[in-house]
Amino acid sequence: MSTGTNGVVRGIQIDLRRLHETWMEIAYPRQRDASDTVLGTWQPDSQSGMALYRLWSALGVPIIAFVYPLVLLGAFVRFQTRRISGTAARLGLLGVVVLSLIVWGGLAAVARFQLDLLAGGFLAIVIAGGVATVSAALAVGARRVGGRGTTILFAYPFAMTALFLPPVVAALFSKTLAAIVLPNSTALAQWLLDNALAPLGLAELFSETFDLEGAAYVVMWLAISVPLGWVLGTLVTLADLVRPTE
């Protein structure tokens, strides 16, 4: 137990040092991972320069205290997404599409005989499956293209779309799903109005402009999934910066 605790503490120390060195390198050269090199960490020669150097170092402390929990969250998200990416890589693009079609085709077949579906419900399930399949394929395709920017801008948002939109579409035509998905979506929308839009002075504008019913639920979750994908991708990038992996 003591060895494990010491390992965690040591890991945190390494993370914080790398974060601080990265902060220092924004304004000064040769700061990150430079202490063990031949030249060593760069420091100014003059007293005034050293004072500014130390001031910049001190300014980084509260910023790092704010950023580090995000690094830990990004590391957790990275672990989960790489498990999914590993499965997708083994299946390949065609395998992901086929698996999604099998899963959603089975759900559509089951839904075909459900009595709680409203008019057009079966078609909605099929459309939801199509959205999930296309979004998953685009996410895998963007991931295979490679590049950090492509992954953040496209792969993560498409993955979130594949996750969020199909249940919402299906809920519009299923009484059972609607009883679960729609009230929770309404509660989330109210929370966003009170905590995200109200401080910006936009809550009243959104409340008067949009009625949360029907297709508005789909638009709402699309508006959530895309920026959420960007946020998760950015968190993973931050974790990669502090805790690089092969």
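Remember, it's a predicted structure, so these values are computed and weren't measured experimentally. (Residues numbered from 1 in each chain as written. Predicted model: local features only at pLDDT ≥ 70, side-chain atom pairs only at ≥ 80, totals over all residues. Heavy atoms only, no water.)

Before going further, it helps to spend a moment on the overall build of the protein. A tally of regular secondary structure across the protein gives seven helices and zero strands. In sequence order, the protein lays out its α and β elements as α-α-α-α-α-α-α. For 246 residues, the compact-globule estimate of 2.2 N^0.38 gives 18 Å, and the protein exceeds it by more than 25% at 24 Å. Principal axes of the C-alpha set define a box for the protein whose edges measure 80 × 50 × 40 Å. Within the span of the protein, comprising 246 residues, buried residues form 34% of the whole. Contacts spanning at least 24 positions in sequence make up 70% of the contacts within the protein whose residues lie at least 6 apart. Within the structure as shown, the protein displays about 15,100 Å² of accessible surface, and the carbon and sulfur contribution to it stands at 70%. The positive charge centre, built from 16 side chains, and the negative charge centre, built from 14, are 13 Å apart in the protein. (Helix = DSSP H or I, 4+ residues; strand = E, 2+ residues; numbered from the N terminus. Rg over C-alpha atoms; globule rule 2.2 N^0.38 Å. Buried < 20%, exposed > 50% of the residue type's maximum accessible area, 1.4 Å probe, protein only. Contact = heavy atoms within 4.5 Å. Areas by Shrake-Rupley, 256 points an atom, 1.4 Å probe, with all protein chains shown as cover. Lys, Arg positive; Asp, Glu negative; His and termini not counted. Charge placed at Lys NZ, Arg CZ, Asp CG, Glu CD.)

Here helix α4 (residues 148-171) spans 34 Å end to end across 24 residues, near enough to the 34 Å set by a 1.5 Å rise per residue. Of all bends in α4, the biggest is about 25 degrees, found at L165, and the proline P166 comes one to four residues later. (Expected span 1.5 Å × (residues − 1). Bend = angle between axes of the 7 residues up to and from the residue.)

Taken N-terminus to C-terminus, the directions of α4 and helix α7 (residues 215-242) make an angle of 140 degrees; their axes are 7 Å apart at the nearest point. By the angle between their axes, α4 is oblique relative to α7. Crossing of α4 over α7 shows right-handed handedness. Of the residues that constitute the contact of α4 with α7, the class distribution is 18 nonpolar, six polar and two charged. (Axes fitted to C-alpha atoms, helices over the stretch in contact; angles between N-to-C directions. Parallel < 35°, antiparallel > 145°, perpendicular 65-115°, else oblique. Left-handed = near helix turned anticlockwise from the far one by under 90°. Nonpolar A, V, L, I, M, F, W, Y, C, P; charged D, E, K, R; others polar.)

A word on a nonpolar patch on the surface. A cluster of nonpolar side chains, L200, L202, L205, F206 and F210, forms an exposed patch at the surface whose accessible area comes to about 490 Å². Examined against the element boundaries, F210 turns out to sit in the loop between α6 (203-209) and α7. (Patch = residues over 30% accessible without salt bridge, like charges linked within 9 Å, V, L, I, M, F, W, Y side chains within 5 Å. Salt bridge = Lys/Arg side-chain N within 4 Å of Asp/Glu carboxyl O.)

So, about the environment of V145. Secondary-structure assignment places V145 in helix α3 (residues 121-145). Judged by its relative accessible area of 64%, V145 falls in the exposed class. Spatially, the C-alpha atom of V145 lies 9.6 Å from that of A155, the residues being 10 residues apart in sequence.

L165, V168, A171, A178, V181, L182, A189, Y217, M220, W221 and I224 form the largest nonpolar core, which has 11 residues in total. Elements with a contribution of two residues or more to this core: α4, α5 (175-197) and α7. In this structure A171 touches L177, A178, V181 and L182, once residues within four positions along its chain are discounted. Residues L19, Y68, V71 and V242 belong to the second largest nonpolar core, which totals seven residues. (Core = buried A, V, L, I, M, F, W, Y, C linked by side-chain atoms within 4.5 Å.)

Another point: the environment of L73. Mapped onto the fold, L73 is located in helix α2 (residues 47-111). Considered as a pair, L73 and G7 are 66 residues apart in the sequence and their alpha carbons are 19 Å apart.

So, on to the pattern of salt bridges. Within the structure shown, the criterion is met by two salt bridges. Across the pair E21 and R17 runs a salt bridge whose closest N-O atoms are separated by 3.6 Å. Here the residue E21 and the residue R17 both occupy positions in helix α1 (residues 2-27), the gap between them amounting to four residues, near one helical turn. On the basis of relative accessibility, which here comes to 11%, the residue E21 falls in the buried class. Judged by its relative accessible area of 36%, R17 is partly exposed.

What follows concerns the packing of aromatic side chains. Remark: the centre distance and the inter-plane angle together describe each pair of aromatic rings, the angle taken between the planes. Counted under the stated rule, the structure contains five aromatic pairs. Taken together, a centroid distance of 5.6 Å and an interplanar angle of 20 degrees make the contact between Y28 and W42 stacked. Highlighted residues: Y28 in the loop between α1 and α2 and W42 in the loop between α1 and α2, separated in sequence by 14 residues. The exposure class of W42 is partly exposed, given its relative accessible area of 28%. Grouped by ring-pair contacts, the aromatic residues Y28, W42 and Y53 constitute a single cluster. (Phe/Tyr/Trp six-rings, centres within 6.5 Å; stacked < 30°, edge-to-face > 60°.)

Just geometry here; none of it tells us what the structure is for.
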